[in-house]
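# Understanding the architecture of this molecule
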Amino acid sequence: MSDPLVIVEGVRTPFCKAGSDLAALAADELGRIAVDALLTKTGFDPALVDEVIFGCVCQPVEAQNVARVIALRAGLPQSSTAATVHRNCASGFEAITTAAERLLSGHGSIFIVGGTESMSQVPLIYTKEAAKKFGALTRARGYAGKLAAIAAFRPWDFKPRVALKLGLTDPVSGLNMGETAEVLAREFRISRARQDEFALLSHQRAAAAEARLAEEICPVYLPGGKAAHPVVRDHGPRPNQSMEALAKLKPVFDRRHGSVTAGNSSQITDGAVALLVMAESQAAALGLKPIGRLAGWAYTGCDPARMGLGPVSAIRKLQDATGHGAGSVELIEINEAFAAQVLAVLQSLADVPEDRLNVNGGAIALGHPVGATGARLTLTALKELGRRGGGRAIVSACVGGGQGAALLLERL
Amino acid sequence: MELIHTEALDSGIHVLTFDRPNSGANIFDVETLTELDAKVSDIGQSATGIVFISAKPSIFIAGADLRALESLTGDALRDFIALGQSVFNRIAALPCPTVAAIHGACVGGGYELCLACRRRIATAARATKIGLPETQLGILPAWGGSTRLPRLIGLQNALDIILGGKTVPAKAALKRGMIDDIAPQESLRDAALQWLAKPTPAKRRRHSLDRLSVKVIEPIARRRMLEKSRGHYPALPKALEVITLGINDSIAVSLQREREAVLELAATPECRNLIRVFHLQERAKKLRVPGAGTPAPIARVAVIGAGLMGASIAQWLSARGLRVLMRDIDPERVADGMRRVSGLYRDAVKRRLLDATEARDGMDRISPVTGETPLDAVDLVIEAAVEKMDLKKRIFARLDETTPPHTLLATNTSALSITQLATSTSHPERVVGIHFFNPVHRMPLVEVITGNGTSTETAASALRFVQAIGKMPVLVHDSPGFLVNRILLPYMVEAADLFAQGGAVQEIDSAMLDFGMPMGPLRLTDEVGLDVAQDVAATLAAAFPGHMHLPAVLDRMLAGKLLGKKSGRGFYLQSKGKTVPNPDAAKYRDSSSGPVPDRAGMQRRMALLMVNEAARCIAEKVVAEPADVDFAMIMGAGFAPFRGGPLRYADSLGAPAVVDALRAEAAQSGAHFTPCDLLQEMSAANRRFYDDP
């Protein structure tokens, strides 16, 4: 690539477990906060941004094309454009690589990319039968008609479908995400104890990294409330996580024979990430010093029932394309969708040094707001490369529906 | 010169368009009324319908010509009033249907024209405001408004509008029945013509109900009005009388009563002063710094400090469309500020000043920040941090380094010297004071304070900025206490002293409520905070030891943790949701107290201290003109508007009387009452502050 995409700066909101501190903020609000903080931190003129590209899996229905809503609310001019992208858990990566493709095709050179997710605000929905009856009620005329329509309802019509659960289930394989992890745990013979150990490590590393991670976080100020209560740090990491505590948890996806628990899975989380990216030449022209460069990427397809193995093929494909694999880079991030899944990937690749993997913790401790995670992995890896004097990083994730994603980043 | 165009359509409908040449507004002066009368007479019998509409972009008709009101007297004034009434009567009596198509300001006489029409259609634009605010100028609607409005919308509703002097937006006007329909601006004329094609009869109200209920409504309205106005605004009881009597009389008799009432009111000093206040407001909106060019507009502002004032200022600016960076030292302070901002927006939505989307857009325009961020794109910085000179100096020194040369550096300080603060920067010419009053969303006045080094360009930019955000500026030169606080302090100190000597809290406050202040001085001290008041008193006592002192009683009360409203107790406390005098405060009085003056005496002392200090501000050239002092005291401290301000008040007494009274007080109570040199000179030469009568 002759004029690659560089990352100039990035900011993210704290990542908080769904239903907790950020639950009241919709995905567009979270994204707006991140973009506003990014623009304020850099002093970058929003009028120079060509397009905003954001990953978001559960788009709020009141803010369709959430990237556009975020862009306008964050003060970008109406003449800029925006698009929301969706590649499940790799949506955050998709935003970055889409910007790179725009650049290659001559459709813009300065972008704000990232991802946002409010898993707290994924709605409850009525069953199709219930929705039909509501429709009939609206159309009914006169008291007799309305009464008849009301009488058609049954108690079970009011039991909602939990859209979040539906969203985390792959319709092609019929398995939900946790069930795919159980498949890998069985096939690769990954014990409960090993998964819990991995989970513990994630928490320990994240807790130890709190001050470092604080460098990339912007505070979130919650509306209303009696006490002023800024949200300034990630809520997921547990400094006193222990094997005993993890052992107490029961398997969630296979109650009788399973080993995947809430403790060794990624957390369901709210959060947003915003990155200022542009053509390398643009950064030079504007006198900006980037924090890294996108040196290559790969997306691969695999069996949806074993989606957790996605990074294996993706990292291999990336190595074929760029010459850099897990063994030759300074840092590796493999998104911790589930401990079992990461361990299965590690077994398959066999050349991933543990001391360079997820060094500041991963999604088990920090959380996995699905649309934003790819952007967070990128930001965290680049910041960490900066602390280590530069080098290369591979950031990757498995993708629900059976894909893998991997990006090669450079900070030289 | 034609003021009204007539257009005759094929259908026999006539469109009368008000379009005063060389003006952005339409008003009803003698010429316009005469022309209207002639045109309506011409077409009245043959027309199948008439539309009244305006060609101005944001004004329908802005009411009667104020200059006529001020300059005409006796018969000339009587004729002017009679002319308006007869023209509108003619319109009301037309055989054909009539419709007023309203876009923009439609107030006073402008709306009285609409009341004479059979139908009123308005646009829901921001600029469209409908009402009868004559009582705010000390008169009452005298072109049929006091007669026709109650018959249209009911007695209670009409009293609310007229006594309250309210102007309302179109949606509210529709709800109250003041208009009949709302149409978009592009189709306003068509909507009027459409109705004329199939006109509906005029709305007939069940008037009989009002005829009975007036007996109940009148005393309640009278009591409420007296509570609020304390007998100071003769227009209010007069308007109440005209409206309630008019319910039970014929239209002709009621109109006659309107005429007599307005003639009586127009001659009162209250009316004169209220019209002057109106002119002062217009003056403030157009105020310019002499010799400066046109300053560049300010689009991005940084507010340093997210406390009470910082957050309030940030909210006001963001609501006016500016992008604001609000900065403080840690997330907790910023969070407090954001909470305050969102509370202010919530209140604004509750009071229907904004809708939920506008409030959200306003919040979006605020970027909360801790620590330093690039300020290259910021046009103006307003520092609103703690009132400590060394802290402010450090902030300004750093701002001097981190902002581009075009950025104005302003401070919201109420007490510290702008000149001194400017010395901590290498460019004192861009340092200026922009002093907001508390609460920001309610107080329209802003003091723009020039230090010794402030350039004319900076002053001009600050002035334009204040006007652009919908506030009214007064240009003040750097001096301790600036203008408003300097004049208020001796008044508040005297109130504290009177209390210390044994005066009752409610007596002292009532004395000044009787005078026409919106709030008593002890209540004001509680609101501001005894600590803040004492701080300012200390600054002024140090700067003017000859006539300013610190009231010892405040020190004692502060030692006893009586801080005022912020701590829940001061001179007053909250009890069962009501504010009542604090019985505990009594123990802080002086141990030996002498005789306390009666209410009139207290009032005299406190009012004259304000006059004396105001005169000093003129003598020291803190402001350029007496009009600046009076305007600032009315808009910034609520000084009795019907008195025209402290210097108008002084003129109404005459300098000799003021000087004599002050000397008498000085002999009795201390040298701080001694009349200042300027007053003594004016007394000797029999001069006045103002040349106009």
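Once a new chain begins, its residue numbering starts again from 1 and follows that chain's sequence as written. Ligands are numbered from 1 and chains lettered from A, in the order in which they are written. Since the coordinates come from a predicted model, pLDDT governs what is reported: local features require at least 70, and pairs of side-chain atoms require 80 or more to be given and counted, while whole-chain, interface and lining totals use all residues. By convention in this description, side-chain values take in all heavy atoms of the structure and omit both hydrogens and water.

### Details of the pattern of salt bridges
Residue and element names in this part refer to chain A. As a reminder of what qualifies: By definition, a salt bridge exists where a carboxyl oxygen of Asp or Glu is found within 4 Å of a side-chain nitrogen of Lys or Arg. To qualify as a helix, a DSSP run of H or I must reach at least 4 residues; to qualify as a strand, a run of E must reach at least 2; elements of each kind are numbered from the N terminus. Relative accessibility thresholds used throughout: buried, under 20% of the residue-type maximum; exposed, over 50%; partly exposed, between the two (1.4 Å probe, protein chains only).
Applying the stated criterion to the full structure yields 68 salt bridges over all chains. With its nearest N and O atoms 2.8 Å apart, the salt bridge here joins K383 to E9. In this pair, K383 is assigned in helix 15 (residues 373-387) and E9 in strand 1 (residues 5-12), connecting sequence segments 374 residues apart. For K383, a relative accessible area of 14% puts it in the buried group. You can call E9 buried: its relative accessible area is 14%.

### Side note on unusual backbone geometry
All names here are of chain B. Omega for the bond connecting N438 with P439 falls within 30 degrees of zero, at 0°, which places this linkage in the cis form. Mapped onto the elements, P439 comes out in the loop between strand 16 (431-436) and strand 17 (445-450). At F482, a residue that is not glycine, the phi angle is positive and equals roughly 50°. Summarising the element assignment, F482 is placed in the loop between strand 18 (472-477) and helix 19 (484-500). The buried category is assigned to F482, whose relative accessible area is 1%. Despite not being glycine, N686 has its phi angle at roughly 50°, a positive value. Position of N686 among the secondary structure elements: in the segment after helix 28 (677-685).

### What to know about the packing of aromatic side chains
Residue and element names in this part refer to chain B. Filter applied, for reference: Ring pairs shown here join Phe, Tyr and Trp side chains whose ring centres sit within 6.5 Å, with only the six-membered ring taken for Trp; geometry is labelled stacked below 30 degrees between planes, edge-to-face above 60, and tilted in between.
In the structure shown here, the tally under the stated rule is 13 aromatic pairs over all chains. Judged by centre distance (6.1 Å) and plane angle (80°), the rings of F28 and W143 are edge-to-face. Residue F28 is found in the loop between strand 2 (13-18) and helix 1 (30-44), and its partner W143 is found in the loop between strand 8 (129-131) and helix 5 (145-153); the two are separated by 115 residues along the sequence. One exposure class covers both F28 and W143, and it is buried.

### Quick notes on the packing of helix 6 (residues 155-164) of chain B against helix 10 (residues 235-247) of chain B
Residue and element names in this part refer to chain B. Rules: Axes here refer to lines fitted to C-alpha atoms; in helices the fit is confined to the stretch in contact. Angles between the N-to-C directions go from 0 to 180 degrees. Working rule for angles: under 35 degrees goes down as roughly parallel, over 145 as roughly antiparallel, 65 to 115 as roughly perpendicular, anything else as oblique. Crossing handedness is read from the near helix: turned anticlockwise from the far helix by less than a right angle, it gives a left-handed crossing, and turned clockwise, a right-handed one. Residues are treated as being in contact if the distance between any of their heavy atoms lies within 4.5 Å. Each residue gets one of three labels, nonpolar for Ala, Val, Leu, Ile, Met, Phe, Trp, Tyr, Cys and Pro, charged for Asp, Glu, Lys and Arg, and polar for the others, Gly among them.
Running from N to C, helix 6 and helix 10 cross one another at 155°; their axes reach a closest spacing of 10 Å. Between helix 6 and helix 10, the interaxial angle falls into the category roughly antiparallel. In terms of crossing hand, the pair formed by helix 6 and helix 10 is right-handed. For the pair helix 6 and helix 10, contact is made by L155, L159, I162 and L163 and by L236, A239, L240, I243, T244 and I247, respectively. Residue composition of the contact of helix 6 with helix 10, grouped by class: nine nonpolar, one polar and no charged.

### Focus on the environment of P239 of chain A
Residues and elements named next belong to chain A. Within the secondary structure, P239 sits in the loop between helix 9 (210-214) and helix 10 (243-247). For P239, a relative accessible area of 67% gives the class exposed. When the C-alpha positions of P239 and Q204 are compared, they lie 6.3 Å apart, and in sequence the two are 35 residues distant.

### Concerning the sheet that holds strand 14 (residues 380-383) of chain B
Residues and elements named next belong to chain B. The test is simple: Being paired, for any two strands, means DSSP has found at least two bridges between them.
Taken in spatial order, the eight strands line up as 13-12-11-14-15-16-17-18 in an open sheet, and their pairing is mixed. The sheet is open, and its two borders are formed by strand 13 (366-370) and strand 18, each paired with just one other strand. When strand polarity is set aside, the average angle formed by the axes of neighbouring strands in this sheet is 25°.

### Here we look at the sheet that holds strand 9 (residues 167-169) of chain B
All names here are of chain B. Pairing in this open sheet of four strands is mixed, and the strands run 4-6-8-9 from one edge to the other. With partners counted over all chains shown, the strands left at the sheet margins are strand 4 (59-61) and strand 9, one partner each. Sheet twist, expressed as the average angle between the axes of neighbouring strands with direction ignored, equals 25°. Where helix 4 (residues 109-116) meets the sheet, its contacts fall on strand 4, strand 6 (105-107) and strand 8, and the angle it forms with strand 6 comes to roughly 75°.

### Topic: empty space enclosed by the protein
Residues and elements named next belong to chain B. Rules: For cavity detection a 1 Å grid was placed over the protein atoms alone, and a set of points counts as a cavity when a 1.4 Å probe fits there but cannot get out; an open set counts as a pocket when protein lies on both sides within 12 Å along at least five of seven lines, with lining residues being those that have an atom within 4 Å of a point. Grid points are joined across faces, edges and corners, and a volume is the space filled by probe spheres set on the points.
Taken as a whole and judged by the stated rule, the model has three cavities of 30 Å³ or more. Here the largest cavity is characterised by a volume of approximately 120 Å³. If you trace the largest cavity, you find 15 residues lining it, with P490, V493, H547, M548 and H549 closest to the centre. For the lining of the largest cavity, the secondary-structure elements that each account for two or more residues are helix 19, helix 22 (530-543) and helix 24 (599-619).

### Some thoughts on the interface of chain B and chain A
Think of interface size as the accessible area that goes away when the parts come together; that is how it is often given. Rules: Accessible area, probed at 1.4 Å, shrinks when two parts are joined; the buried area is that loss added up over both. Pairs of N or O atoms are called polar contacts if they sit within 3.5 Å, as long as, within protein, a hydrogen donor faces a hydrogen acceptor (for residues adjacent in sequence, only side-chain-to-side-chain pairs).
Of the residues lining the interface, 20 residues belong to chain B; the matching set on chain A comes to 19 residues. Here chain B packs against chain A, burying approximately 1,400 Å² in sum over the two surfaces, 57% of which is carbon and sulfur. It is R339, D364 and P374 of chain B that lose the most area in chain B upon contact with chain A, and together they represent 34% of the buried surface on that side. Where chain B touches chain A, the interface holds three salt bridges. One salt bridge connects D364 of chain B with R73 of chain A, and the closest N-O pair in it is separated by 2.6 Å. Taken together, the links from chain B to chain A amount to three residue pairs in polar contact (both at pLDDT 80 or more). Elements supplying a minimum of two residues to the side of chain B that touches chain A: strand 12 (323-328), helix 14 (331-350), helix 15 (356-364) and strand 13 of chain B. For the side of chain B that touches chain A, the residue count by class is nine nonpolar, four polar and seven charged.

### Thoughts on helix 3 (residues 91-104) of chain A
Residues and elements named next belong to chain A. We apply this condition: Helix span is expected to be 1.5 Å times the residue number reduced by one.
Counted at 1.5 Å a residue, the expected span for helix 3 with its 14 residues is 20 Å, and the 20 Å between its end C-alpha atoms agrees. For helix 3, the tally of buried residues reaches 11 of 14 residues, placing the bulk of the element in the interior. Those residues of helix 3 not exposed but buried are S91, G92, F93, E94, A95, I96, T97, T98, A99, A100 and L103. At the C-terminal side of helix 3, G106 shows a positive phi close to 75°.

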